[in-house]
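Residue-level listing of the chains:
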Amino acid sequence: SDFLQCALISYTCRRLWVYLARRHLTVHLSGQNVEEVIAPLRTDSAIHTLVLRCKGLDATGAQVLATLRDAPSLRSLDLCLAGNSVGPEGAKALAQLKAARCLKDLKLNLLGNNVGDAGAL
């Protein structure tokens with residue numbers, strides 16, 4: 001929908017492309033800037049689709065990501081957290097995303113985070 005992640009429409013109507021690009025964001029962040037990046041995203045009602053690529057994230061960073069449950073219009077969230085240090089506590093915090101009001105699609109990659117059985121409950 002909305003030519004998601006596609007630059008084709010930018011050749012047709014620049015104004016429409018700018019509008020749609022704001023609805024569908026891809027963001028790269030690190031453990032050092034997670035709070036400053038996530039804070040404005042969790043209150044932005046224009047964002048419908050969010051793809052986050054994270055490096056150097058620990059359980060505290062995962063707790064910050066979990067606050068995206070309050071995002072007013074977020075429908076699709078793709079969290080690539082592979083190779084971080086989220087651990088079981090961070091995984092439990094991310095489970096709070098299931099309480100998000102509008103979220104219909106959640107992709108969560110926790111490969112290599114030592115979540116263990118405690119984080120899977």
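**A few points about the overall build of the chain**
When you go through the chain residue by residue, the secondary structure sums to five helices and four strands. Expressed as a percentage of the 121 residues in the chain, the buried residues total 40%. Entry remark: accessible area of the chain is about 6,900 Å², with carbon and sulfur atoms responsible for 54%.

**A short note on the sheet that holds strand β1 (residues 24–30)**
The strand order across the open sheet formed by four strands is β1-β2-β3-β4, and the pairing between neighbours is parallel. In this open sheet, the two strands that pair with only one neighbour each are β1 and β4 (105–109). Recorded for the sheet is a direction-independent mean angle of 10 degrees between the axes of neighbouring strands. Relative to strand β2 (residues 49–55), β1 is paired through seven bridges, and the arrangement is parallel. Opposite S30, over in β2, you have K55 as the bridge partner. Running over the sheet, helix α2 (residues 34–41) touches β1 and β2 and is turned about 160 degrees from β1.

**Quick notes on unusual backbone geometry**
With a phi angle near 50 degrees, N114 is a residue other than glycine that sits in the positive phi range. Tracing the sequence through the fold places N114 in the loop between β4 and α5 (116–120). Residue class for N114 comes out exposed when judged on its relative accessible area of 69%.

**Observations concerning the nonpolar core**
In this structure, L29, I38, L50, L52, L65, L68 and L77 are the most contacted members of the largest nonpolar core, which totals 25 residues. Top element by residues in this core is α2. It accounts for four residues. Not counting the four nearest positions on each side in its chain, L65 is found in contact with V34, I38, L52, C54, L57, L79, L81, L94 and L97.

**What about the pattern of salt bridges?**
As enumerated under the stated definition, the model contains three salt bridges in all. One salt bridge in this structure joins K92 and E89, with 3.7 Å as the shortest N-O distance. In this pair, K92 and E89 both sit in helix α4 (residues 87–94), three residues apart, roughly one turn of the helix.

**Side note on the environment of H24**
Structurally, H24 can be placed in strand β1. The exposure class assigned to H24 is buried, which follows from its relative accessible area of 13%. Here the alpha-carbon distance between H24 and I47, two residues 23 residues apart in the chain, equals 6.1 Å. For H24, the side chain forms a polar contact with the side chain of T49, separated by 2.9 Å.

Basis of the calculations
- Residues numbered from 1 in each chain as written.
- Predicted model: local features only at pLDDT ≥ 70, side-chain atom pairs only at ≥ 80, totals over all residues.
- Heavy atoms only, no water.
- Helix = DSSP H or I, 4+ residues; strand = E, 2+ residues; numbered from the N terminus.
- Buried < 20%, exposed > 50% of the residue type's maximum accessible area, 1.4 Å probe, protein only.
- Areas by Shrake-Rupley, 256 points an atom, 1.4 Å probe, with all protein chains shown as cover.
- Pairing = 2+ DSSP bridges.
- Axes fitted to C-alpha atoms, helices over the stretch in contact; angles between N-to-C directions.
- Contact = heavy atoms within 4.5 Å.
- Core = buried A, V, L, I, M, F, W, Y, C linked by side-chain atoms within 4.5 Å.
- Salt bridge = Lys/Arg side-chain N within 4 Å of Asp/Glu carboxyl O.
- Polar contact = N/O pair within 3.5 Å; in protein donor to acceptor, adjacent residues only side chain to side chain.

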